[in-house]
Amino acid sequence: MIASFVKADHYYGGNISYEHINGYTYKVTVVTYADNSKANSDRDSVEIIWGDGGEEFIQRVNNLGNGETVFPGIKKNIYEGIHTYSETGNYKLIFIDNYRPDNMLNIEAGKSGTTLLYFDAIIPIDDTLTFCKNNAPRFLTEPFMFGRSGQDFHLNLTHFDIDGDSLVFKLVQPKARNAFPVPGYYFPEGTSINSKTGLFTWENPPNGNYVFAYEIEEYREGKLIGVSVSDFPVFMSSDFKNKGFFSSVQGISNNYYHFNGAETIDLIVDYENQDPGVDSVFLEVFTGLNHSPHFSLSNRKSSNKTQAFDTLSINYLGNDNAQGNHIVTFRAVNIYGSDTLFDYHSV
């Protein structure tokens, strides 16, 4: 499939998240995406720096500890560990390892293959009633990394904050050793991220392989309490298949809706791909509303060879005290024989 065109040495990207267990104890999860064609890229454990002077190797847990292929040529690895801090403070979790792919065009020429993969997150340990615990935002989708050059590219990992914190997204420079930006990094023209939904967009992308990172800031009562980073590549080629196009979402204005009380709304969207080679298209929905007791959802969808239709009914039951927005992502699935391409739209 698509990934057979991509030649990379080691890590494609990843992220850190954390979950409050009790007191000052947290479960930390490191996710990496690696080239599964290279034996020296495979790790059954990785080192995590806890931020309090401690370091520890944590074990891979997904697929019976073997990792799993999520896209052809790309293995997803999930590592988990539990750590107890001894006192309050802000602690920076750090993952760092060798190396990034060797052909990333927005890293200084000749250096990406010897540039470390680095990403981090900050755990706030506080003993006040308001800030006594925090959970990092969850990732609900995978980073689909492939797009056709010249065709606008969209991607959203679709975040959900179980604490109801307000999330702000912004593009940042990927990091290397000692948290310094990777050498010679630049943001390609036409790239942006929606600060409210986290939808990454690249307008009219050129051929080539590029690396990006974005930061997720968590706010509670107006105070910044947590920060985490996701690092991912994008591979652009004119050889890749065409994606289709989303309609505007009906039922809301400017991709936003404010509930004033208990009510039900319908989000109506369709997607069309007129490429003669496409076999079928359909739509999926990803949202943290599925995890909230204050909402119930029903989804009516249909599709044919070139068009997909979705009506998502959101029933707000009231009493939701979340401070942040709830993100809903529609993911379009384009089927070309054994090849599958994804496209994204978020509100």
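Residues numbered from 1 in each chain as written. Predicted model: local features only at pLDDT ≥ 70, side-chain atom pairs only at ≥ 80, totals over all residues. Heavy atoms only, no water.

### Digging into the pairing of strand S16 (residues 208–220)
Here comes step 1: Buried residues dominate S16, accounting for 12 of its 13 residues.
Here comes step 2: Alignment of strand S13 (residues 166–172) against S16, held across seven bridges, turns out to be antiparallel. Bridging from a neighbouring strand, Val-172 pairs with Ala-213 of S16.
Here comes step 3: In this sheet, strand S17 (residues 223–237) lies alongside S16 in antiparallel orientation, the contact comprising 13 bridges. Along S17, the bridge assignment pairs Tyr-210 with Val-234.
Here comes step 4: Hairpin connection between S16 and S17: a loop of two residues separates the two successive antiparallel strands, and Glu-221 in this loop has a positive phi of roughly 55 degrees. (Buried < 20%, exposed > 50% of the residue type's maximum accessible area, 1.4 Å probe, protein only. Helix = DSSP H or I, 4+ residues; strand = E, 2+ residues; numbered from the N terminus. Pairing = 2+ DSSP bridges.)

### A word on the nonpolar core
Here comes step 1: Among the nonpolar cores identified, the biggest contains 61 residues, and Leu-267 and Ile-314 are the most heavily contacted of them.
Here comes step 2: The biggest single contributor to this core is strand S23 (residues 328–336), with six residues.
Here comes step 3: Counting residues in hydrophobic clusters, the runner-up holds 22 residues, among them Val-28, Leu-93, Phe-119 and Ala-136. (Core = buried A, V, L, I, M, F, W, Y, C linked by side-chain atoms within 4.5 Å.)

### Remarks on the packing of aromatic side chains
Here comes step 1: Going through the model one piece at a time under the given rule, you end up with 26 aromatic pairs.
Here comes step 2: On the numbers, 5.5 Å between centres and 70 degrees between planes, the contact of Phe-144 with Phe-146 is edge-to-face.
Here comes step 3: Given the relative accessible area of 1%, Phe-144 is considered buried.
Here comes step 4: By relative accessible area, which is 1% here, Phe-146 ends up buried.
Here comes step 5: Plain terms: the ring middles of Phe-259 and Phe-295 are 5.8 Å apart, the flat faces sit at 65 degrees to each other, and that makes the pair edge-to-face. With Phe-259 in the loop between strand S18 (245–246) and strand S19 (263–272) and Phe-295 in strand S21 (residues 295–303), the pair connects residues that are 36 residues apart, well separated along the chain.
Here comes step 6: Using a relative accessible area of 8% as the deciding quantity, one classes Phe-295 as buried.
Here comes step 7: Of the aromatic side chains, those joined through ring pairs into one cluster are Phe-153, Phe-169, Phe-200, Trp-202, Tyr-210, Phe-212, Tyr-214 and Phe-232.
Here comes step 8: Above the face of the Tyr-256 ring, Lys-196 is positioned so that its terminal group lies 5.6 Å from the ring centre. (Phe/Tyr/Trp six-rings, centres within 6.5 Å; stacked < 30°, edge-to-face > 60°. Lys NZ or Arg CZ within 6 Å of the ring centre and 35° of its normal.)

### A few points about empty space enclosed by the protein
Here comes step 1: Taken as a whole and assessed by the stated rule, the structure comprises one cavity of 30 Å³ or more.
Here comes step 2: Reported here for the largest cavity is a volume of approximately 30 Å³.
Here comes step 3: Leu-155, Asn-156, Leu-157, Gly-198, Phe-200, Tyr-214 and Phe-232 are the residues that line the largest cavity.
Here comes step 4: Broken down by class, the residue content of the lining of the largest cavity amounts to five nonpolar, two polar and no charged. (1 Å grid on protein atoms, 1.4 Å probe; cavity = no way out; pocket = protein on both sides within 12 Å on 5 of 7 lines; lining within 4 Å. Points joined across faces, edges and corners; volume = space filled by probe spheres on them. Nonpolar A, V, L, I, M, F, W, Y, C, P; charged D, E, K, R; others polar.)

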